[in-house]
Amino acid sequence: MASDEQAITAFIERMGLSAQGDGLPRIAGRILGYFIIHGGPTSLSSLANELQVSRASISTNARMLRDLGVLEATARPGDRQDYYQLAPRHYLRVLEGYVERMGVLGQSLATAQDELASSRTGAQARLADMHRFVDAARAQTKALIDDLKSDSSNDDRF
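Residues numbered from 1 in each chain as written. Predicted model: local features only at pLDDT ≥ 70, side-chain atom pairs only at ≥ 80, totals over all residues. Heavy atoms only, no water.

(A) How the structure looks around the overall build of the protein. Helix and strand counts for the protein stand at 6 helices and 3 strands. Over its C-alpha trace the protein gives a radius of gyration of 20 Å, far above what one expects of a compact globule, namely 15 Å for 158 residues. Expressed as lengths along the three principal axes of its C-alpha atoms, the size of the protein is roughly 65 × 40 × 35 Å. In the protein, the proportion of contacts linking residues at least 24 apart, taken out of those at least 6 apart, comes to 51%. A distance of 4 Å separates the average location of the 18 positive side-chain charges in the protein from that of its 20 negative side-chain charges. (Helix = DSSP H or I, 4+ residues; strand = E, 2+ residues; numbered from the N terminus. Rg over C-alpha atoms; globule rule 2.2 N^0.38 Å. Contact = heavy atoms within 4.5 Å. Lys, Arg positive; Asp, Glu negative; His and termini not counted. Charge placed at Lys NZ, Arg CZ, Asp CG, Glu CD.)

(B) Local environment of the pattern of salt bridges. The full count for this structure, using the stated rule, is 6 salt bridges. Linking E72 and R93 is a salt bridge whose minimum nitrogen-to-oxygen distance equals 3.6 Å. Of this pair, E72 sits in strand 2 (residues 71-74) while R93 sits in helix 5 (residues 90-115); the two residues are 21 residues apart in sequence, bridging distant segments of the chain. For R93, a relative accessible area of 35% corresponds to the partly exposed category. (Salt bridge = Lys/Arg side-chain N within 4 Å of Asp/Glu carboxyl O. Buried < 20%, exposed > 50% of the residue type's maximum accessible area, 1.4 Å probe, protein only.)

(C) Main features of the environment of P88. Relative to the elements of secondary structure, P88 occurs in the loop between strand 3 (83-86) and helix 5. Among the residues examined, P88 registers a relative accessible area of 27% and is labelled partly exposed. For P88 and G39, which are 49 residues apart along the polypeptide, the C-alpha to C-alpha distance reads 9.5 Å.

(D) Main features of the nonpolar core. In terms of nonpolar packing, the biggest core is built from 21 residues, with I31, F35, L47, L51, I58 and L71 touching the most fellow members. When contributions to this core are tallied by element, the ones reaching two or more residues are helix 1 (4-21), helix 2 (26-38), helix 3 (44-51), helix 4 (55-67) and strand 3. The element best represented in this core is helix 2, accounting for 6 residues. Beyond its immediate chain neighbours, meaning those up to four positions away, I31 contacts L47, L51, I58, N61, A62, L65 and L71. (Core = buried A, V, L, I, M, F, W, Y, C linked by side-chain atoms within 4.5 Å.)

(E) Summary view of helix 5. With 26 residues, helix 5 should reach 38 Å at 1.5 Å per residue; the first-to-last C-alpha distance of 38 Å fits that figure. Along helix 5, the residues classified as buried are H90, L92, L95, V99, M102, G103, G106 and L109. Check the buried side of helix 5 and you find it contacts helix 2, strand 3 and helix 6 (121-150). (Expected span 1.5 Å × (residues − 1).)

(F) Broad picture of the side chain of N61. Positionally, N61 belongs in helix 4. The class for N61 is buried, based on a relative accessible area of 6%. Within the local environment of N61, its side chain forms a polar contact with the backbone oxygen of S57, the two atoms lying 2.8 Å apart. Each residue touching N61, except ones within four places of it in the same chain, is listed here: P25, I27, A28 and I31. (Polar contact = N/O pair within 3.5 Å; in protein donor to acceptor, adjacent residues only side chain to side chain.)

(G) Summary view of the sheet that holds strand 3. One open sheet holds the 3 strands; their spatial order is 1-3-2, and the pairing between them is antiparallel. Only two strands of the sheet have a single neighbouring strand rather than two, namely strand 1 (42-43) and strand 2. Pairing geometry for strand 1 and strand 3, over 2 bridges, is antiparallel. Across the sheet, the residue bridging to S43 is Y83, located in strand 3. (Pairing = 2+ DSSP bridges.)

Fair warning: the whole summary comes from geometry, so function is off the table for now.
Structure (structure tokens):
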């Protein structure tokens, strides 16, 4: 059986590979893995040291995760360093961002359907099919968000 530290390291690395598989930087996934285990707040310097990554890379990826709603920036009185912590129920923010982006995609598809000639039957059929997919994906994701928000056993206590 692996030691606790080996298990943590392996988890962080798997999170990096998972993020990479989703088209995100591997370091972003490793940062997320770190914060899922440790919560925070953690300074960027400490994070760079813990993950053995340059501070610049940590800073860039931490800002990206903050912009996605996964991390929150915080500060400590009298300390000029930047600190981050895992946002409560960060996965809800990720899903809400997905719903928003899919809404924009749906609007783009609808505009293309309206603007393209109806004689372009193949294009119209593909646009309509994609639009049905986007609408269904948004609806299912919204239902998941509502379900997760109503789950009182998983509140913001951490």
